[in-house]
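One letter stands for each residue in the lines below.
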Amino acid sequence: MATPTPGGSPDPPRTETEGAPPASAAVRARQQVVRHPWLTALAVLALAIIALLVLWDWNWFKGPIERQVEARTGRDFEIGGNLDVDLGWVPVITAEDLSFGNADWASTPLMATTRKLELAIAIKPLLRGRVLIPDIRLAAPRLNLERGAKGGNWKFGEPGDGEVEFRRIRVEEGKLAFLDAANDTDIKVDIATAKPGKGDAAPPILVEGGGRWQGNAFTLEGTAESPLELRDPDSPYRIDARARAGDTHAHARGTLLDPLRLRDFDLQLALGGNNLADLYPLLGIALPDTPPYNLDGHFTRDGSTWFYNGFDGAVGDSDLAGDANVDTGGPRPYLRADLHSRRLDFDDLAGFVGGAPDTGGGESSNPELAARASQQQSSGRVLPDTPYELDKLQAMDADVRLRAARINAPSLPLDDMDAHLLLENGLLRLDPLNFGVAGGDIRSTIRMDARESPIRTRADVNASGLDLSSLLPEVELAKNAIGKVGGHVQLAGSGNSVAAMLGSSDGEVAVGMGRGRISNLLMEMAGIDLAEIIKFKLTDDRLIPVRCAFGDFSVAGGVMTARSLAFDTTDTLLVGEGTINLKDERLDLVIKPRPKDRSLFAFRSPLLVDGSFANPDLRPDMGRIGLRAAIALTLGNIAPPAALLATLELGPGEDASCGGRYAK
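A brief structural summary. Given the structure is predicted, the values throughout are model-derived calculations rather than measurements.

Now for the overall build of the protein chain. Per the secondary structure count, the protein chain includes 13 helices and 37 strands. Among the 664 residues that make up the protein chain, the fraction classed as buried is 42%. Restricting the contact set of the protein chain to residue pairs at least 6 apart, pairs at least 24 apart contribute 49%. When the accessible surface of the protein chain is split by element, carbon and sulfur atoms take 57% of a total near 36200 Å².

Here it is as structure tokens:
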């Protein structure tokens, strides 16, 4: 019976569990497992995975990774240190002491090593089938590139299809080596990543080093884009680098395309040095000796042809601009160039003939050419005797045009120049070699056969319209002279220098002038007519008509012998004879004056022209004064050579008897 509660209400009836102790946590957990078995299993699995990841030894993956790399590249690959993973949505894989094997023909067993690699991989893109590597860090990497008979050691399979995307790479204490034993090239550079700028996803690298290029020592420094940019051979790779080999220096800035294969360039390239000839051992381009130079132009490549277009700068004291290219696809490099100069310092061309530029008065030169100039000056010789290098003339072909609008040559009346050089397998032609001279022009064709030693040379030179006063700028009494000079030179000789060629030459030289005017005082001085000299000194000099002037020389064994030599005016006739020795550089001429007027104080002495080319001497032959009868016998019939008649422009009438019997 129920017991009533206080207040008269009976108690409710009790259940079986009422009054039992509370259930434990373990009991309740078991109850949850019974009610939710799948959720429980998933939770247990998650805990197990977490425990596995925390406690897992990632070195277990070293073997499978090594085997995969070896299978894909055919090269040995080893992870010598620990392999670890820092988990997260962008886990970071760390591997130590990695090494990658070299090609079996390479000189070193390893192509690449690094003390430590940190590689980040983004998980979310990976779930969508995209591999994104946002960051790579390399500590003390070493990369050995080598070119051999089978190509480059970096070729171990076809490049991928771009399924892996990189973002940043950083290098600490890196070293890169490149070896090309066949071309005597051995380069070693240090590489480090520059401090990244704001928003710089792939910071550039700093490069410094050097070695040998084509057997020549050089140094290199500069910056380049992140090496990650090299992964796409069709993407331009930007560089800014400076290199120096001896006195030659270069500054390249711009882009490379597929630089490991040197496929294409788009660079602005500045070149400078003491001598353009120094480029021969570096680039295989045979150029003449020059004073110091600085050029800057657009450097590109198309197949086997390298272009240096739109360049300008200076060579010595001359400005130089134009376009040039070198084709390396034939049996020899082929240089083609179209060059022009607004103002050309003539002595800068001395290297073309084996000479050296002037060294005084602020002229540009270099130590080697200055020493050559000093040696030549001390030798007392004028003609350049530095031998041409046959191996250079045979090493390349060339088609070069050089035009100068104005020429700076204080001792020569040169106006402009147009030269076209053709070189093919050791056969060189200058066709044409034209100079504007003294208001006229000298047109030349020169052929040099350097296919064997000694070089065989032929020269054909024609001059016309040269102004007489301009030809004698240093002669005060000739500054008002009037007349046009012309002539021709045909010579053939053999020798490996200009001096040797001329010293062995055969042929002829002829020069002449038609009607004109010249100082009467100059002619009286030539005839040593004291009375007339005094008269013109006390009064005024006057110009007298020139009927003609000519010189005709035969050349044999380098000796020019006068066949006819005369200067005919209405006042005086000068007749000459003798030789000019091109081999010994000696003059031996006798000029015999014959005044046509009467004078009480005319000595009528011959003039002697002798001495060396460097120090010629003109003086009267005092020992022969008064021998007028003997001299007169030589004046019977002096006529210009037929080859000069068209040049002399003698005109009609009695002047056509230029140089005839003086008594007429």
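What follows deals with the pairing of strand β26 (residues 427–437). Bridge count between strand β25 (residues 414–424) and β26: 9 bridges; the pairing is antiparallel. Its bridge partner being in β26, aspartate 418 is matched across the sheet by asparagine 434. Here β26 pairs with strand β27 (residues 440–449) via 9 bridges, running antiparallel. The partner of valine 437 across the bridge, within β27, is glycine 440. The turn linking β26 back onto β27 is made up of 2 residues, and alanine 438 within it adopts a positive phi angle of 50 degrees.

Grouped together as the largest cluster of nonpolar side chains are 101 residues, with contacts concentrated most on Leu335, Met417, Ile455 and Phe553. If we skip the residues at most four places from it in the chain, isoleucine 455 touches Tyr388, Leu390, Leu393, Met448, Asp449, Ala450, Gly493, Ser494, Gly495, Asn496 and Met501. Membership of the second largest hydrophobic core comes to 5 residues, among which are Cys548, Phe550, Leu573 and Val575.

It is worth spelling out the side chain of threonine 94 at this point. Following the sequence through the fold, threonine 94 ends up in strand β3 (residues 92–101). Not counting chain neighbours up to four residues away, the residues in contact with threonine 94 comprise Asn82, Leu83, Asp84, Lys116, Leu117 and Glu118.

Attention shifts here to the side chain of asparagine 216. Within the secondary structure layout, asparagine 216 lies in strand β14 (residues 216–224). Of the polar contacts made by the side chain of asparagine 216, one reaches the backbone oxygen of proline 281; its length is 3.1 Å.

A separate point is helix α3 (residues 62–73). For α3, built from 12 residues, the straight-helix expectation of 16 Å at 1.5 Å per residue is met to within 8% by its first-to-last C-alpha distance of 17 Å. Looking only at α3, the buried set comprises Lys62, Gly63, Glu66 and Thr73. The arc that holds every buried residue of α3, seen down its axis, measures 120 degrees, which confines them to one face. Of the residues in α3, the exposed ones pointing more than 90 degrees away from the buried face are Arg67, Ala71 and Arg72. Buried residues in α3 make contact with β1 (77–79), β2 (83–86) and β3. A positive phi of about 75 degrees marks glycine 74, the residue just after α3.

Here helix α6 (residues 367–379) spans 18 Å end to end across 13 residues, near enough to the 18 Å set by a 1.5 Å rise per residue. For α6, the full list of buried residues reads Leu369, Arg372, Ala373 and Gln376. Within α6, the buried residues cover an arc of 100 degrees as seen down the axis, which keeps them to one side. Residues Pro367, Gln375 and Ser378 are exposed on α6 and point more than 90 degrees away from its buried face.

What follows deals with unusual backbone geometry. The linkage connecting aspartate 431 with the following residue, proline 432, adopts the cis geometry, with an omega of 5 degrees. Following the sequence through the fold, proline 432 ends up in strand β26. Omega for the bond connecting serine 453 with proline 454 falls within 30 degrees of zero, at 0 degrees, which places this linkage in the cis form. Here proline 454 is to be found in the loop between β27 and β28 (456–467). Positive phi outside glycine occurs at alanine 140, with the angle close to 55 degrees. Mapped onto the secondary structure, alanine 140 falls in the loop between β6 (135–139) and β7 (142–148). By relative accessible area, which is 10% here, alanine 140 ends up buried. Positioned with a positive phi, glutamate 173 is a non-glycine residue whose angle comes to about 55 degrees. Mapped onto the fold, glutamate 173 is located in the loop between β10 (169–172) and β11 (174–180).

Taken together, the side chains of Trp60, Phe61 and Ile65 make up a nonpolar region of the molecular surface, amounting to roughly 300 Å² of accessible area. Within the secondary structure, tryptophan 60 is located in the loop between α2 (37–55) and α3.

With that settled, consider the packing of aromatic side chains. All chains considered together, the criterion is met by 5 aromatic pairs. A centroid spacing of 5.7 Å and a plane angle of 25 degrees characterise the contact between tryptophan 58 and phenylalanine 61, whose relative ring orientation is stacked. According to the relative accessible area criterion, tryptophan 58 is buried, its value standing at 16%. On the accessibility criterion, phenylalanine 61 (31% relative accessible area) is partly exposed. A ring pair is formed by tryptophan 60 and phenylalanine 61, whose centres lie 5.1 Å apart and whose planes are at 85 degrees; its orientation type is edge-to-face. The class of tryptophan 60 is exposed, set by a relative accessible area of 55%.

Overall, the coordinates contain 17 salt bridges when judged by the stated rule. For arginine 253, the salt bridge identified is with aspartate 296, shortest N-O distance 2.9 Å. One end of the pair, arginine 253, is in strand β16 (residues 248–257); the other, aspartate 296, is in strand β18 (residues 293–302), with 43 residues separating them in the sequence. Classification of arginine 253 as partly exposed rests on a relative accessible area of 25%. With a closest N to O distance of 2.8 Å, arginine 456 and aspartate 449 form a salt bridge.

Rules of the game
Residues numbered from 1 in each chain as written. Predicted model: local features only at pLDDT ≥ 70, side-chain atom pairs only at ≥ 80, totals over all residues. Heavy atoms only, no water. Helix = DSSP H or I, 4+ residues; strand = E, 2+ residues; numbered from the N terminus. Buried < 20%, exposed > 50% of the residue type's maximum accessible area, 1.4 Å probe, protein only. Contact = heavy atoms within 4.5 Å. Areas by Shrake-Rupley, 256 points an atom, 1.4 Å probe, with all protein chains shown as cover. Pairing = 2+ DSSP bridges. Core = buried A, V, L, I, M, F, W, Y, C linked by side-chain atoms within 4.5 Å. Polar contact = N/O pair within 3.5 Å; in protein donor to acceptor, adjacent residues only side chain to side chain. Expected span 1.5 Å × (residues − 1). Arc of directions from axis to C-beta. Patch = residues over 30% accessible without salt bridge, like charges linked within 9 Å, V, L, I, M, F, W, Y side chains within 5 Å. Salt bridge = Lys/Arg side-chain N within 4 Å of Asp/Glu carboxyl O. Phe/Tyr/Trp six-rings, centres within 6.5 Å; stacked < 30°, edge-to-face > 60°.

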